[in-house]
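Architecture at a glance
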Amino acid sequence: MAARSAPLFMAHLRTAAVPTARRCLLRSFAPVPRVSFARNGIRCLSSTAPRRSAFAVNDLTQVFHDVAPLRKFRRELLLNNRTVGLVPTMGALHEGHISLVRKAAEENTDVWVTIYVNPTQFGLNEDLASYPKTWETDMEMLRHLDRQLAREGKGRVSAVFAPNTNTMYPTSPPDSSIPGVGSFIEMRPLGQLLEGASRPVFFRGVATVCMKLFNICEPDVVYFGQKDAQQTVVIKKLVKDFHLNTRVRICETSREPDGLALSSRNVYLGERRRAVAIVLNQALRKAEAQYIAGKRLRGDILWPAVDHGDRIQHEQENLQPSKRALFQVDYLSLADPDTMEEIDKVDETKGAILSGAVKMMPVEEPQEGEQLGLGGGQVAVRLIDNIVLQPTR
Ligand code: AMP
């Protein structure tokens, strides 16, 4: 692995985003960039400097598949007073993931990205096998981003953790059945509501894999997207209820220009379904407009969203099968932001979460030359979205 050049290294350290304590150390030691190599080949500044000031630096994003070497790297970073922001993902990276990495790089010296498609959060009949896997492109995106971060003097993507399933589930094979065999984290009733009602093992899998990842990586801060609203509540609860020594940061949802939330699953949509898939965001925006107009009661807020969904559904049903994109609305919800339980009225001191899920059905009568997306338009695509209704008092 090539060593990072000294000017680049110093530029990296000059960042305003570097925590205050570290900046003090930099001022003390920046004039003596005597380079030495630690046992593990990690380059350090000045062998005579106190250990806390010996910043471990690697040129390239390191890829780890096993726990022990990652833990060793984590110890080095800790001893060098560096902070780790963790971005857990299932790969198939897009700008939404990248925005999380960017936020983590603004607030930490090191960003670690995990790429692992966790089997226990997929039900037995769900799309685990067809979940998009794009390892090479993901790594290229992360390396490109890391070069940009270096130029900007931000924190760096120093590790990608991509374990296999034996590593993540060391004593028993992952089980997606109910009740299932294995060691799981369950949250009741939160894990059974909304997404959990449609996908009964989903949050058990999410909470369990995140507990594992947090224990392995010991991040200072974990970064999650608002795109998965209920997941953010699960993660906050996980950290609080199990006294995990990390902070949770939620980053805003990245969207296409028309408002569609970016998702790894969008690659399955194709042209025809993509045009209709915006229905969910449109419906939620109509409900949001009611809240902004001063409505606080559930019925008053939700009815235009339900109405919009129904109208677009009828429009599609009345088209020729060769032209239409059918969908099913799974739910439209107005929920308490802390519990995700349905509410009859918005408490203005807390606000609420408007959320929904639709299932885009397989394309009927695909046409010659039609752009059908990955899977030829035959994979049903479940889309979720949400809008935070901010407290007004
Ligand atoms: P996933 O790979 O889908 O499990 O997502 C990994 C992380 O990226 C989660 O914290 C998601 O909430 C977040 N994420 C996914 N899509 C978006 C998006 N469009 N905007 C912001 N964050 C996102």
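Quick notes on the rules
Residues numbered from 1 in each chain as written. Predicted model: local features only at pLDDT ≥ 70, side-chain atom pairs only at ≥ 80, totals over all residues. Heavy atoms only, no water. Near = heavy atom within 4 Å. Polar contact = N/O pair within 3.5 Å; in protein donor to acceptor, adjacent residues only side chain to side chain. Areas by Shrake-Rupley, 256 points an atom, 1.4 Å probe, with all protein chains shown as cover. Helix = DSSP H or I, 4+ residues; strand = E, 2+ residues; numbered from the N terminus. Pairing = 2+ DSSP bridges. Axes fitted to C-alpha atoms, helices over the stretch in contact; angles between N-to-C directions. Contact = heavy atoms within 4.5 Å. Salt bridge = Lys/Arg side-chain N within 4 Å of Asp/Glu carboxyl O. Buried < 20%, exposed > 50% of the residue type's maximum accessible area, 1.4 Å probe, protein only.

Here we come to the site of the ligand. The environment of the ligand is formed by 17 residues, the closest being Met 90, His 97, Asp 228, Ser 254 and Leu 262. Here an oxygen atom of the ligand and a backbone polar atom of Met 90 are 2.9 Å apart. When the ligand sits alone it has 480 Å² of accessible area, and the protein chains cover 92% of it. Contributing elements (two or more residues each) for the shell around the ligand: β4 (84–89), α4 (95–107) and β7 (221–225). At 3 residues, α4 tops the list of elements feeding residues into the shell around the ligand.

A separate point is the sheet that holds β7. In space, the 6 strands of this open sheet follow the order β3-β6-β5-β4-β7-β8, with parallel pairing throughout. On the outer flanks of this sheet lie β3 (62–64) and β8 (247–251), each paired with one strand and no other. Looking at each pair of strands side by side, their axes are set apart by 25° on average, direction ignored. Sheet topology places β3 next to strand β6 (residues 156–161); 3 bridges connect them, and they run parallel. The partner of Phe 64 across the bridge, within β6, is Phe 161. Sitting on the sheet, α4 touches β4, β5 (110–115), β6, β7 and β8, and the angle it makes with β7 is about 150°.

Time to look at the pattern of salt bridges. Within this structure, the stated rule accounts for 26 salt bridges. The partner of Arg 382 in a salt bridge is Glu 195, and the shortest N-O contact between them spans 2.5 Å. Here Arg 382 is found in strand β11 (residues 381–389), whereas its partner Glu 195 is found in helix α7 (residues 195–198), with 187 residues between them in sequence. Looking at Glu 195, the relative accessible area reads 5%, which means it is buried. Across the pair Asp 338 and Lys 350 runs a salt bridge whose closest N-O atoms are separated by 3.7 Å.

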